[in-house]
Amino acid sequence: MAFEGLAERLQSSIKKMKGKGKVNEQDVKEMMREVRLALLEADVNFKVVKKFVANVKERAVGQDVMDSLTPGQQVIKVVNEELTSLMGGEQSKLNTASKPPTVVMMVGLQGAGKTTTTGKLANHLRKQHNRKPLLVAADIYRPAAIQQLETLGKQLDMPVFSLGDQVSPVEIAKKAVEKAKEEHLDYVLIDTAGRLHVDEDLMNELTQIKNEVKPDEILLVVDAMTGQDAVNVAENFNEQLDLTGVVLTKLDGDTRGGAAISVKAVTDTPIKFAGMGEKIDQLEPFHPERMASRILG
Ligand code: GDP
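Residues numbered from 1 in each chain as written. Predicted model: local features only at pLDDT ≥ 70, side-chain atom pairs only at ≥ 80, totals over all residues. Heavy atoms only, no water.

Taking an unreviewed UniProt entry as the reference, the chain is identified by name as Signal recognition particle protein belonging to Salisediminibacterium beveridgei. Listed under Subcellular location (unreviewed entry) in UniProt, the entry text for the chain is "Cytoplasm". Its UniProt record gives the chain the following Function (unreviewed entry) comment, quoted word for word: "Involved in targeting and insertion of nascent membrane proteins into the cytoplasmic membrane. Binds to the hydrophobic signal sequence of the ribosome-nascent chain (RNC) as it emerges from the ribosomes. The SRP-RNC complex is then targeted to the cytoplasmic membrane where it interacts with the SRP receptor FtsY." (UniProt positions renumbered as here; feature names shortened; annotations may be inferred.)

S.K.: Just checking my understanding: could you explain the UniProt feature "domain: SRP54-type proteins GTP-binding" (unreviewed entry) in the chain for this structure?
M.R.: Within this numbering scheme, the UniProt entry marks residues 270-283 as carrying the feature "domain: SRP54-type proteins GTP-binding" (unreviewed entry). Within residues 270-283, the helical portion is 0% and the strand portion 43%, while the C-alpha atoms at the span's ends are 16 Å from each other. (Helix = DSSP H or I, 4+ residues; strand = E, 2+ residues; numbered from the N terminus.)

S.K.: Any chance you could explain the packing of aromatic side chains here in plain terms?
M.R.: The description of an aromatic ring pair uses the distance of the two centres, along with the angle that the planes make with each other. Under the defined criterion, the tally for this structure stands at 0 aromatic pairs. The ring of Tyr141 is capped by Arg195, whose NZ or CZ atom sits 5.3 Å from the centre of that ring. (Phe/Tyr/Trp six-rings, centres within 6.5 Å; stacked < 30°, edge-to-face > 60°. Lys NZ or Arg CZ within 6 Å of the ring centre and 35° of its normal.)

S.K.: Help me understand the pairing of strand S7 (residues 271-275), please; the structure alone is not making it clear to me.
M.R.: Put simply, side chains in a regular strand alternate between the two faces of the sheet. The element S7 is largely enclosed, with a buried count of 5 among its 5 residues. As defined by bridge partners, strand S6 (residues 245-249) adjoins S7 across 3 bridges and the pair is classed as parallel. Paired with Val246 across the strands is Ile271, a residue of S7. (Buried < 20%, exposed > 50% of the residue type's maximum accessible area, 1.4 Å probe, protein only. Pairing = 2+ DSSP bridges.)

S.K.: Honestly, the confidence of the model for the chain in this entry has me stumped. Any pointers?
M.R.: Interpreting fine coordinate detail is not advised for predicted regions of low pLDDT. Here the chain averages 92 in pLDDT, and 97% of its residues register 70 or above. Complex prediction metrics read pTM 0.93 and ipTM 0.99. (pLDDT = per-residue confidence, 0-100.)

S.K.: So what exactly am I meant to see when it comes to the sheet that holds strand S8 (residues 283-285) here?
M.R.: Sheet strands associate in pairs through backbone hydrogen bonding, adopting either a parallel or an antiparallel arrangement. Strand order across the open sheet formed by 8 strands is S3-S2-S4-S1-S5-S6-S7-S8, with mixed pairing between neighbours. Each edge of the open sheet is held by one strand with a lone partner, namely strand S3 (160-161) and S8. Here strand S5 (residues 217-223) pairs with S6 via 5 bridges, running parallel. Bridging from a neighbouring strand, Val221 pairs with Val247 of S6. Strand contacts of helix H8 (residues 169-182): strand S1 (102-107), strand S2 (133-138), S3 and strand S4 (187-192), with the helix running at about 165° to S2, the strand carrying the most contacts. Packed onto the sheet, helix H10 (residues 228-241) meets S1 and S5 and runs at close to 160° relative to S5. (Contact = heavy atoms within 4.5 Å. Axes fitted to C-alpha atoms, helices over the stretch in contact; angles between N-to-C directions.)

And the structure:
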């Protein structure tokens, strides 16, 4: 499971705090020293850790904890609330267009799970919300990408829009939106090209698509296993494209969890979904509160 190491360490410092009838500043300091180390080891961004620790200390050393009946548990509650708020607080839903179709651009580096997530999201929209999506193959550079999306479309029994690999992605995206309008489809999910690294050509192409189709949602798909890199990638994409949401994939792996905890704080972009496996139904709306409780036990 993701976060195993982090959860274990946090839970052990929490245990020490739990039974305490009285909590003094020294106790809070000691606990936060452990929490700080655990977060840094889980690859949480150091600025994020610093702010988090300061927030908890300020609240935990305040009157409401010291005077409460179970100060130990009160401190834990503060940690839980701050961790939840760090990961975005309330659950963030997908934006929807006032008039369908809602246009979603899926962006991200190669291998992050963009194409798979496009299929998963389509499946989620139909299953949970009874919506009709159109999958759009706009990654014309990776040889197998179009084929991969078509296979997903067949598996889901959903339409896939493709114009092969000789038409520009901007044109493909534009035509796809027209088609969705004609056929009264609710969502257009555009699987854009990825690269191994963030580069100017990629960003130019994505910006052109954005300007042309004016998406309601630009979702960055990032691999949670890459830790701090995922946060850097998110920062980069956000600067160029002004993202509206993030999907963290591979949270089922043994990720240390740093990305999940830092992305929102660093980029101010909410995590909207989490990929929990390779299968088509392994995509979950991201709930900061549930995630925090899962980490803190
Ligand atoms: P793209 O290059 O970004 O389009 O990446 P793909 O969609 O082709 O995915 C790359 C690999 O990651 C594939 O083997 C996927 O099955 C795998 N993958 C995607 N999402 C997840 C996830 O949430 N969990 C796991 N374990 N694997 C995933």
